[in-house]
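# Summary of the model geometry
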Amino acid sequence: MTPLSADDPRLDEIVRALRIATHDSPDSAFVLDPAGVLLMANAPLCASLGVDEGALLGRPFELAARSTDPERTLESFRAARAGTSSRYRGSGTRTNGEPFVAEVTQLPIRIDGEVVAVFGTAVDLTESDRHDVESRQSEDLLRLAGRMARFGGWSVDAATRQVSLSQDARLMLGIPDDTPDLTTAAWALHPDDDRARVQALLERCLETGEPFDIESTMITTASAPLTMRTVGEAQRHPDGRIIGAHGAIWDMTEAVAARERERALEARLTAALTSISDGIFFVDGGNRLTFANPRALEMLRFSEDELRREPLWNLFPDAVPAGYKDAFERARESNERVVHRAYFPPFDRWFETTAYPANDGLAVYLRDVTDDERAREVARRTQEKLQEQAALLDTASDAMIVRDLDNRVQYWNAAATRLYGWTAEEAHERWIGDLIYSDTTVLQRATESVMREGFFAGEIEQYDRDGRVLIVDCRWQLLTDDEGAPRAIFAVNTDITEYRREVDARQRAQRMESLGTLAGGIAHDLNNVLTPILMSVQLLESDETDPDRREMLATMETAVKRGAEMIRQVLAFARGVEGRRITVDIDRLLDELIAVSRDALPRSIRLDIERAAPLPTSVGDPTQLLQVLVNLVTNAKDAMAGSGRLLISAERRTIVDEYSSVSHAAPPGDYIEIAVEDDGHGMPADVVAKIFEPFFTTKDPGRGTGLGLATSLAIMRSHGGFIQVYSEPDHGTRFVIGLPVMGEGAAEAPVAPPDHARLPQGDGELVLVVDDDETIRLVTCRTLEANGYRTIAAAHGREAIDLIENGEHEVDLVLTDMMMPVMDGAATSAYLEEHHPGIPIVAASGLNSSGSESRAVGMGISRFLAKPFTTSVLLRTVRDTLREHLSNDEEAE
């Protein structure tokens with residue numbers, strides 16, 4: 001190729017002519033110079049590539065064409081430039097990313113016999129190529145569907161009666177492709193009877209053009225029986241003549257088997273619906289009956305024909321107000337099952353319908369529930385009667401419990417809740433052993449007795465919810481059914497804990513009195529025995545010169561004196577203590593006690609002193625009183641195991657009536673109260689109950705005689721005073737002694753109580769007293785009520801909060817114990833501070849210490865009372881707390 005110059009007018013003229021000629025062409029056209037650079041691109045090409053002609057001119061064609069095979073494009077261009085026409089099918093992507101397919105033709109352009117340029121056209125085959133692909137895919141899918149659905153095509157020539165089968169039909173029937181006589185082979189697959197039927201229908205179709213559709217049996221070449229559906233129609237010439245028949249065959253074997261299974265299932269369902277004891281019927285969208293089993297017809301009292309003729313509500317108008325129609329409509333609208341039970345007056349029966357939505361109506365399950373409703377009514381009346389009886393049982397003061405033969409609770413009255421702390425809901429179906437017994441052996445033996453004898457009566461130790469020991473008088477009765485078989489145990493339990501404690505206390509007092517009388521008599525005789533022994537030892541010692549023998553005699557003398565001292569203590573307990581009755585300076589007595597304590601206590605035990613100054617004087621024997629206090633300090637030291645804190649405190653107290661929760665009651669009067677408190681291991685309640693008994697000790701053998709506290713009690717009684725103890729395991733112990741304040745006749749008789757008029761009086765304020773000790777609650781409430789206050793009481797914090805929260809009482813002040821079951825004072829105070837900060841709180845405790853009051857105030861408590869407290873201290877504390885609260889409210893306003 002000899003290139004022309006760029007300004008050769010002949011080439012320009014050719015390009016211009018081609019541009020005009022291809023302007024309206026639907027195909028793309030272009031001109032390339034000998035270097036393959038675009039000189040012209042018509043509008044279809046620019047539109048196909050998505051660019052303007054200016055963006056194409058001057059660019060190499062293999063790049064501008066956006067071909068996916070640039071080498072193929074260059075190869076075609078080189079062939080045209082060499083003078084040979086070239087055509088190829090290529091592909092590429094447009095500027096928007098869409099793929100395209102085109103058939104490209106490139107022709108050489110000659111001037112003077114030389115190729116000076118290349119002219120090309122491109123026919124867009126994208127759509128036709130897509131159609132070809134889709135057509136091939138459709139054919140493939142059709143063949144695949146035929147294999148999956150197991151159908152194939154057939155045809156019969158009218159002139160020759162030759163049979164043709166499609167490939168799918170041959171595969172389905174197992175006929176090889178190279179079968180020489182396909183017609184004979186195809187008809188041979190039909191059993192004789194079916195072959196005759198199919199041939200007759202085919203002949204009629206070929207003669208008259210009548211189409212046919214038949215199910216028959218065919219046996220494949222592998223001897224597998226198939227149920228086949230054959231459909232055929234006439235095949236006509238354009239002039240109307242029948243030239244053959246064609247159609248399709250389907251393998252219906254699985255469908256027929258499924259249909260047979262359906263029929264068998266339907267038969268079984270019909271049999272089940274017919275034999276069921278309840279009614280089943282179906283209604284269509286117009287509420288007309290379409291099916292009813294015999295039981296439904298019997299209950300509806302109409303024949304099936306009568307029910308089919310009229311809508312349901314025309315036959316049963318009274319069912320509409322009874323709500324059955326609404327129930328059916330709800331089932332249709334919600335497309336959900338709807339159950340409705342109502343009384344039907346015309347039949348005097350109760351019916352229950354369960355309507356199930358179906359495609360063309362409702363399936364209704366009908367039950368006659370008259371007997372059920374009557375039984376419910378009887379049960380309801382019985383339940384009402386039982387509730388009335390249960391209400392009567394709930395008013396009883398004794399706990400009444402019914403449990404089954406497995407000892408699981410079936411009934412639990414209100415008194416049982418009050419006694420044991422478990423609610424009826426919590427106790428129901430619980431094993432009784434888990435609720436109120438720690439040793440179930442007792443339960444087992446008592447149950448065996450009631451099962452054997454039919455009745456049991458006796459005292460049993462039980463426990464409440466908080467672990468408090470209860471002594472219960474039990475009367476159990478075996479309940480039987482109509483046939484006399486045991487079915488339950490009815491128990492009536494009476495709380496006799498306080499009664500038993502009082503009896504035990506009286507018996508203990510009698511036992512101690514008897515022991516004292518016996519000890520007094522023995523001590524007298526022992527003193528008579530010890531006196532000559534002591535005198536003889538001393539006499540022998542005065543004449544003895546042998547050092548060893550003198551040492552032995554001295555040892556004997558010491559032993560005799562120690563025995564005499566023990567006898568003296570026994571006599572002091574048995575007959576009381578006699579001694580000097582002089583004025584006792586309590587401050588001096590405390591100074592001596594502190595000095596003795598500092599010498600007796602190790603450095604690891606801290607000694608704290610809290611006393612009011614000056615303290616009044618008393619009347620008594622200072623030596624005996626010091627003995628009592630030193631004994632208390634010694635016991636406290638032993639309880640702290642070598643380290644801890646010992647507090648000795650003293651103050652004046654006035655008792656108007658009696659102490660709350662006293663170990664030994666004190667008569668009214670003015671007292672000097674001295675307390676010795678440790679933070680040692682403390683004592684359980686059963687030990688506290690025995691510590692004042694002679695010879696009872698918790699110390700190791702050889703470390704204590706068990707007479708120290710018994711003697712201390714005797715000394716305090718002889719002085720007209722009292723001694724108290726407060727102790728709990730792991731919370732330490734507090735002993736308190738009280739001495740009458742000296743006055744006229746103070747040594748012989750208690751001081752007269754102060755005039756009530758001098759005590760602070762209330763103005764009708766409501767005080768909530770919270771304490772688990774019933775005696776304390778009763779005495780405190782009576783004292784407050786006698787001095788102008790109103791009171792309500794609670795046994796623990798939970799009960800107190802309930803009284804406040806129910807809104808029936810507007811409480812002005814809460815007086816609460818700190819150690820209580822269920823909910824203690826600390827938790828109660830914290831709750832009230834958060835939810836009722838406007839109610840002042842006074843806390844009380846029998847375990848006092850120097851830090852108790854400050855800790856209590858830190859918990860939202862206004863003031864702290866140390867037990868035992870006197871009336872004057874109680875009234876002053878309540879008055880001062882209310883005044884302070886009122887003052888704070890006024891300042892806040």
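Going along each chain's sequence as written, the residues are numbered from 1 onward. Note on the predicted model: pLDDT of at least 70 is required for a residue's local features to be given, and 80 or more for side-chain atom pairs to be given and counted; whole-chain, interface and lining totals, by contrast, use all residues. Only hydrogens and water are set aside when side-chain values are computed; all heavy atoms of the structure are taken into account.

## Describing the overall build of the chain
Just so we agree on the cut-off: Per the convention used, a helix needs a DSSP run of H or I reaching at least four residues, while a strand needs a run of E reaching at least two, with both numbered from the N terminus. Under the scheme applied here, a residue whose accessible area is under 20% of the maximum for its type counts as buried, over 50% as exposed, and between as partly exposed, the area being computed with a 1.4 Å probe on protein chains only. By definition, residues are in contact when any of their heavy atoms lie within 4.5 Å. Residue burial considers only the protein chains on display, and all accessible areas are found by Shrake-Rupley using a 1.4 Å probe.
Looking only at helices and strands, one finds 30 helices and 32 strands in the chain. Every one of the 893 residues in the chain was classed for burial, and the buried ones make up 41%. If you take every contact in the chain between residues at least 6 apart in sequence, the share linking residues at least 24 apart comes to 55%. Surface exposure of the chain reaches about 47,700 Å², of which carbon and sulfur atoms provide 51%.

## Quick look at unusual backbone geometry
One non-glycine residue, Asn-335, adopts positive backbone phi at about 55°. Of note, Asn-335 is situated in the loop between helix H14 (324-334) and strand S13 (338-344). Although it is not a glycine, Asp-348 sits at a positive phi angle of roughly 55°.

## Things to note about the sheet that holds strand S26 (residues 722-727)
This is how the line gets drawn: Paired strands, in this sense, are two strands between which DSSP finds at least two bridges. For helices, the fitted axis covers only the stretch in contact; all axes are lines through C-alpha atoms, and the angles between them, taken along N-to-C directions, range from 0 to 180 degrees.
In spatial order, the strands read S22-S24-S25-S27-S26; together these five strands make up an open sheet with mixed pairing. Sheet topology places strand S22 (605-611) and S26 at the edges, where each strand pairs with a single neighbour. The average angle at which neighbouring strand axes cross in this sheet is 15°, direction not considered. Where strand S25 (residues 669-678) and strand S27 (residues 733-740) come together, eight bridges link them in antiparallel fashion. Bridged to Glu-677 within S27 is Arg-734. In the packing of helix H23 (residues 622-639) onto the sheet, contacts are made with S22, strand S24 (644-655), S25 and S27, and the angle to S25 comes to roughly 30°. Docked against the sheet, helix H25 (residues 708-718) engages S26 and S27, running at close to 25° with respect to S27.

## Overview of the sheet that holds strand S3 (residues 86-93)
With antiparallel pairing, five strands are arranged side by side in an open sheet as S2-S1-S5-S4-S3. The open sheet has two edge strands, strand S2 (38-41) and S3, and neither has a second partner. Mean inter-strand twist for the sheet, computed between neighbouring axes without regard to direction, equals 25°. When strand S1 (residues 28-32) meets strand S5 (residues 114-124), the two strands line up antiparallel, connected through five bridges. In the sheet register, Phe-30 faces S5, and the bridge partner there is Gly-120. Packing of helix H1 (residues 9-21) onto the sheet brings it into contact with S1, S2, strand S4 (99-111) and S5, and relative to S2 it is tilted by some 25°.

## Comments concerning the pattern of salt bridges
Threshold: The rule for a salt bridge is simple: a side-chain nitrogen of Lys or Arg has to be within 4 Å of a carboxyl oxygen of Asp or Glu.
Taken as a whole, this structure holds 39 salt bridges when the rule is applied. The salt bridge partner of Arg-308 is Glu-304, with a shortest N-O separation of 2.8 Å. One end of the pair is Arg-308 and the other is Glu-304, both in helix H12 (residues 304-309) and four residues apart, which spans about a single turn. Glu-352 is paired through a salt bridge with Arg-341; the nearest N and O atoms lie 2.9 Å apart. Of this pair, Glu-352 sits in strand S14 (residues 349-358) while Arg-341 sits in strand S13, placing them 11 residues apart in sequence. A residue is classified by how much of its surface remains accessible, and Glu-352, at 12% relative accessible area, is buried. Via salt bridges that share partners, Arg-341, Glu-352, Arg-367, Asp-372, Glu-373 and Arg-376 belong to a single interconnected network.

## Notes on the environment of Asp-124
Relative to the assigned elements, Asp-124 resides in strand S5. Filtering out sequence-adjacent residues up to four positions away, Asp-124 remains in contact with Arg-94, Val-101 and Ala-102.

## Thoughts on helix H28 (residues 825-835)
Here is the rule: Relevant arc is that of directions from the helix axis to the C-beta atoms, nothing else. Polar contact criterion, stated in full: a pair of N or O atoms within 3.5 Å, where within protein one must be able to donate a hydrogen and the other to accept it, and residues adjacent in sequence count only if both atoms are side-chain atoms.
Restricting attention to buried positions, one finds in H28 the residues Gly-825, Thr-828, Ser-829 and Leu-832. Projected down its long axis, H28 carries its buried residues within an arc of 95°, all on one side. On its buried face, H28 is in contact with helix H27 (797-805), strand S30 (813-817) and strand S31 (841-845). Sitting at the amino-terminal end of H28 is Asp-824, which places a side-chain oxygen 3.4 Å from the backbone nitrogen of Ala-826.

## As for the confidence of the model for the chain
For any part of a model where pLDDT is low, the fine detail of the predicted coordinates should not be relied upon. Quick note on the threshold: As a per-residue measure, pLDDT tells how confident the predictor is, with possible values from 0 to 100.
Residues with a pLDDT of 70 or more make up 83% of the chain, whose mean pLDDT is 81. In the model, residues 744-757 has pLDDT below 50 throughout and makes 14 contacts with residues more than four positions away in sequence or in other chains. This model gives residues 847-852 a pLDDT under 50, and the stretch forms 21 contacts once residues within four places in sequence are excluded.

## Considerations on the packing of H23 against H25
Quick reminder of the rule: Helix crossings are classified by the rotation of the near helix relative to the far one: an anticlockwise turn of less than a right angle makes the crossing left-handed, while a clockwise turn makes it right-handed. Charged means Asp, Glu, Lys or Arg here, nonpolar means Ala, Val, Leu, Ile, Met, Phe, Trp, Tyr, Cys or Pro, and polar covers whatever is left, Gly included.
Put simply, H23 and H25 touch, their axes get as near as 10 Å, and they point 145° apart. As for the relative orientation of H23 and H25, their crossing is left-handed in sense. Where H23 abuts H25, its residues Gln-624, Leu-625, Gln-627, Val-628, Asn-631, Leu-632 and Asn-635 lie against Gly-708, Leu-709, Thr-711, Ser-712, Ile-715 and Met-716. For the contact of H23 with H25, the per-class residue count stands at six nonpolar, seven polar and no charged.

## Quick look at the packing of aromatic side chains
Stated formally: We call Phe, Tyr and Trp rings a pair once their centres come within 6.5 Å, taking the six-membered ring for Trp, and we label the pair stacked below 30 degrees between planes, edge-to-face above 60, and tilted otherwise. Ring-over charges, as used throughout, are those where CZ of Arg or NZ of Lys falls within 6 Å of the ring centre and within 35 degrees of the ring normal.
A full pass over the atoms with the stated rule returns 13 aromatic pairs. Consider the rings of Tyr-343 and Trp-350, whose centres lie 5.9 Å apart with planes at 50°: the pair is tilted. Summarising the aromatic geometry, the rings of Phe-344 and Phe-347 are spaced 4.9 Å apart at their centres and angled 85° between planes, so their arrangement reads as edge-to-face. The pair formed by Phe-344 and Phe-347 is uniform in burial state, with each residue classed as buried. Through pairs of rings, three or more aromatic residues link up here, namely Phe-302, Phe-316, Phe-344, Phe-347 and Phe-351. Sitting over the ring of Trp-250, Arg-229 keeps its end group 5.5 Å from the ring centre. Sitting above the plane of the Trp-476 ring, Arg-403 keeps its charged end 4.2 Å from the centroid.

## Structural notes on the packing of helix H22 (residues 586-600) against H23
Relative placement of two packed helices is described by the angle separating their axes and the distance separating the axes. Where H22 meets H23, the axes come as close as 10 Å, and the angle between the chain directions of the two elements is 35°. Judged by the twist between their axes, the crossing of H22 over H23 is right-handed. Residues Leu-589, Glu-592, Leu-593, Val-596, Ser-597 and Ala-600 of H22 lie in contact with H23, whose contacting residues are Pro-622, Leu-625, Leu-626, Leu-629, Val-630, Val-633 and Lys-637. Its residues placed into classes, the contact of H22 with H23 shows 10 nonpolar, one polar and two charged.

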